[in-house]
There are 2 protein chains.
Amino acid sequence: MRRTRDAEKTRSEILQVAFGEIYEHGFQATSVNDMVAKTNVTKGAFFHYFPSKNDLGYALTDEILRDMMLNRWVRPLNAYRNPVQGMVRTYRKLMEETTDEELSLGCPLNNLTQEMSAVDPVFRDKLRGVIQAWIGETEKHLRRAKDEGYLRPNVDVRMTAEVAVMMEEGSAALVKSLGDRKVYWSLYDGFRLFMESISSKPNREA
Amino acid sequence: MRRTRDAEKTRSEILQVAFGEIYEHGFQATSVNDMVAKTNVTKGAFFHYFPSKNDLGYALTDEILRDMMLNRWVRPLNAYRNPVQGMVRTYRKLMEETTDEELSLGCPLNNLTQEMSAVDPVFRDKLRGVIQAWIGETEKHLRRAKDEGYLRPNVDVRMTAEVAVMMEEGSAALVKSLGDRKVYWSLYDGFRLFMESISSKPNREA
């Protein structure tokens, strides 16, 4: 029992350390030796948990990245009676909390997708799964918004979820490319205006 | 005179061939030998025009990529009395003309930015210059739209230009990540709805 808990803890620690290294340097530029050097495990132990570097990357996508995107963008919406207002406030909160380092590194999901999707079909499918989950879970909240009368009756909630995720992800990409935090405020205004344009009630930020 | 024209033609041919190779395989994965093998020039001639592979990449950014983005997204707007209508139609036309190969390769500007901006500050600044030109030229058309009464009086044209470019670029990135052309239609609807929401007149597509 204790050994199982320890094993889970070790595995989880390796994934967390690997996430940081890969986020900073990219997947291909991070070696197993780099990751082992940052943890307290031996290389043998590393390969016990992850038979190859790719296996680690897949676990990182399924377990860390997926939860990260849903924790950031979707789960906070549970606290809002009006999910549209929740989406606008969550965008703003994430924007304001983004550190300069995160701003210049960009979104880890976007980075790994750009780097690995064309190289490895297993990565490609797993990364697509994360984006699909992000869109699908956003859609559920928008369905709730529509059912409760916060969206105009003719709004397509699937379309809106796809556009919202495109704007959430596209904003981080453009701000990274331009290296200019001020642009984030314009993109936030655009996101807010888009969400207001499909809302049935005025929904302005205070 | 003839020799100068020939030299310009050779240089331009090298850039065009290099663009195709780099678009398909990435900048770092494309060697000077790869590019020379696809043209009729010797390696010596290549280095006559471009002292290093990076010099070729910089010229490609300044000369090919910049024109490509402006030719695709901005210059067609000159043909429209209402630039907002022009932006929506241009988005749709580019979406419909995107081949399956281009869809899976994504936007060449976005790819080169993701690959090279963190690696080389000269690339980073030149690629930022292309995005800034794209935003800046879009802003001029939106200014014209506002002056001629096509936008609501309180619309910030700079904000709108930044959001439009984010949506234009973010759409290509999301469709590439998902590998699903159908999503493009949702994102087009979102772009159209956003542009309509800031317009002073109904502006629906036929």
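1. Describing the overall build of chain A
Counting secondary structure elements, chain A contains ten helices and zero strands. Starting at the N terminus and ending at the C terminus, chain A contains elements arranged as α-α-α-α-α-α-α-α-α-α. Across its three principal axes, chain A shows a C-alpha extent of roughly 60 × 40 × 30 Å. Residues classed as buried in chain A amount to 52% of the 206 residues present. Put simply, of all contacts in chain A between residues at least 6 apart along the chain, 69% involve residues at least 24 apart. Here chain A displays about 9,800 Å² of accessible surface, and carbon together with sulfur accounts for 48% of that area. Treating the 30 positive side-chain charges of chain A as one cloud and the 30 negative ones as another, the clouds have centres 4 Å apart.

2. Overview of the relation of the copies chain A and chain B
If you rotate chain A by 180° and push it 0.0 Å along the axis, it lands on chain B with an RMSD of 0.0 Å. Such a combination of turn and shift is consistent with a two-fold rotation axis. Looking at the rotation axis and the C-alpha trace of chain A, the residue lying nearest is Gly170(A), at 2.2 Å. Counting the interface residues of chain A, we find that 100% of their copies in chain B are interface residues as well, pointing to one common contact surface.

3. Examining the packing of helix H4 (residues 53-74) of chain B against helix H8 (residues 121-147) of chain B
Residue and element names in this part refer to chain B. At their nearest, the axes of H4 and H8 sit 10 Å apart, and the two run at 15° to each other. With respect to H8, the element H4 is oriented roughly parallel. The two elements H4 and H8 meet at a crossing, and its hand is right-handed. Touching Asn54, Gly57, Tyr58, Thr61, Asp62, Leu65, Arg66, Met69, Leu70, Trp73 and Val74 of H4 are Val122, Phe123, Lys126, Leu127, Gly129, Val130, Ala133, Trp134, Glu137, Thr138 and His141, all from H8.

4. What to know about the side chain of Ser197(A)
When you line up the elements, Ser197(A) lands in helix H10 (residues 182-197). Reaching out from Ser197(A), the side chain makes a polar contact with the backbone oxygen of Phe194(A) at a distance of 2.7 Å. Filtering out sequence-adjacent residues up to four positions away, Ser197(A) remains in contact with Arg152(A) and Ser197(B).

5. Some points on the interface of chain A and chain B
Taken together, the contact between chain A and chain B spans 28 residues of the former and 28 residues of the latter. In this assembly, chain A packs against chain B so that about 2,700 Å² is buried in total across both faces, 68% of it on carbon and sulfur atoms. If you sort the residues of chain A by the area they bury against chain B, Gln114(A), Met166(A) and Leu178(A) come out on top, with a joint share of 23%. At the boundary of chain A with chain B, the tally comes to zero salt bridges. Along the contact surface separating chain A from chain B lie six residue pairs in polar contact (both at pLDDT 80 or more). Where the side of chain A that touches chain B is concerned, the elements lending two or more residues are helix H7 (108-116), helix H8 (121-147), helix H9 (157-178) and H10 of chain A. Looking at the side of chain A that touches chain B, the element that brings in the most residues is H9(A), giving eleven residues. Residue composition of the side of chain A that touches chain B, grouped by class: twelve nonpolar, twelve polar and four charged.

6. Points about the packing of aromatic side chains
Residues and elements named next belong to chain A. What the rule picks out here adds up to 22 aromatic pairs over all chains. Taking 5.5 Å as the distance between ring centres and 85° as the angle between the ring planes, the aromatic pair formed by Phe46 and Phe47 counts as edge-to-face. Taking the relative accessible area as the measure of exposure, Phe46 reaches 0% and is therefore buried. With centroids separated by 5.8 Å and ring planes inclined at 40°, the aromatic side chains of Tyr91 and Tyr188 adopt a geometry described as tilted. Here Tyr91, found in helix H5 (residues 83-97), pairs with Tyr188, found in helix H10; they are 97 residues apart in sequence, far enough to count as distant. Considered together, Tyr91 and Tyr188 belong to a single accessibility category, that of buried residues. These aromatic residues form a ring-pair network of at least three members: Trp73, Tyr91, Trp134, Tyr184, Trp185, Tyr188 and Phe191. Above the face of the Phe27 ring, Lys53 is positioned so that its terminal group lies 4.6 Å from the ring centre.

7. Remarks on the environment of Gly26(B)
All names here are of chain B. Tracing the chain through its elements places Gly26 in the loop between helix H1 (2-25) and helix H2 (32-38). Residue class for Gly26 comes out buried when judged on its relative accessible area of 17%. For the pair formed by Gly26 and Asp62, sequence separation is 36 residues and the distance between their alpha carbons is 17 Å. Every residue in contact with Gly26, bar those within four places of it in the chain, is listed here: Glu21 and Glu115.

8. So, the environment of Asn154(A)
Along the polypeptide, Asn154(A) turns up in the loop between H8 and H9. Residue classification places Asn154(A) among the exposed residues on the basis of a relative accessible area of 68%.

9. As for the confidence of the model for chain A
Considering every residue of chain A, the mean pLDDT works out to 94; 96% of them sit at 70 or more. Interface confidence for the predicted complex, expressed as ipTM, amounts to 0.93; the pTM equals 0.94.

10. Some remarks on H9(A)
All names here are of chain A. The terminal C-alpha atoms of H9 lie 31 Å apart, and with 22 residues this matches the ideal 32 Å at 1.5 Å per residue to within 8%. The buried fraction of H9 is high, at 21 of 22 residues. Between the side-chain oxygen of the N-cap and the backbone nitrogen of Arg158 there are 3.0 Å, and the N-cap of H9 in question is Asp156. Note on H9: the residue one or two positions beyond its end, Gly179, has a positive phi of about 60°.

11. Here's the deal with the pattern of salt bridges
Residue and element names in this part refer to chain A. Tallied over the full model, the rule gives 28 salt bridges over all chains. Among the ionic pairs, Asp62 bridges to Lys126, the shortest N-O distance being 2.7 Å. In this pair, Asp62 is assigned in helix H4 (residues 53-74) and Lys126 in helix H8, connecting sequence segments 64 residues apart. Across the pair Arg192 and Glu196 runs a salt bridge, and its minimum N-O distance is 3.2 Å. Of the two residues, Arg192 and Glu196 are both situated in helix H10; the distance of four residues between them amounts to about one turn of the helix.

Definitions and limits used
- Residues numbered from 1 in each chain as written.
- Chains lettered and ligands numbered in written order.
- Predicted model: local features only at pLDDT ≥ 70, side-chain atom pairs only at ≥ 80, totals over all residues.
- Heavy atoms only, no water.
- Helix = DSSP H or I, 4+ residues; strand = E, 2+ residues; numbered from the N terminus.
- Buried < 20%, exposed > 50% of the residue type's maximum accessible area, 1.4 Å probe, protein only.
- Contact = heavy atoms within 4.5 Å.
- Areas by Shrake-Rupley, 256 points an atom, 1.4 Å probe, with all protein chains shown as cover.
- Lys, Arg positive; Asp, Glu negative; His and termini not counted.
- Charge placed at Lys NZ, Arg CZ, Asp CG, Glu CD.
- Least-squares fit on C-alpha atoms with pLDDT ≥ 70 in both.
- Axes fitted to C-alpha atoms, helices over the stretch in contact; angles between N-to-C directions.
- Parallel < 35°, antiparallel > 145°, perpendicular 65-115°, else oblique.
- Left-handed = near helix turned anticlockwise from the far one by under 90°.
- Polar contact = N/O pair within 3.5 Å; in protein donor to acceptor, adjacent residues only side chain to side chain.
- Buried area = accessible area lost by both parts, 1.4 Å probe.
- Salt bridge = Lys/Arg side-chain N within 4 Å of Asp/Glu carboxyl O.
- Nonpolar A, V, L, I, M, F, W, Y, C, P; charged D, E, K, R; others polar.
- Phe/Tyr/Trp six-rings, centres within 6.5 Å; stacked < 30°, edge-to-face > 60°.
- Lys NZ or Arg CZ within 6 Å of the ring centre and 35° of its normal.
- pLDDT = per-residue confidence, 0-100.
- Expected span 1.5 Å × (residues − 1).

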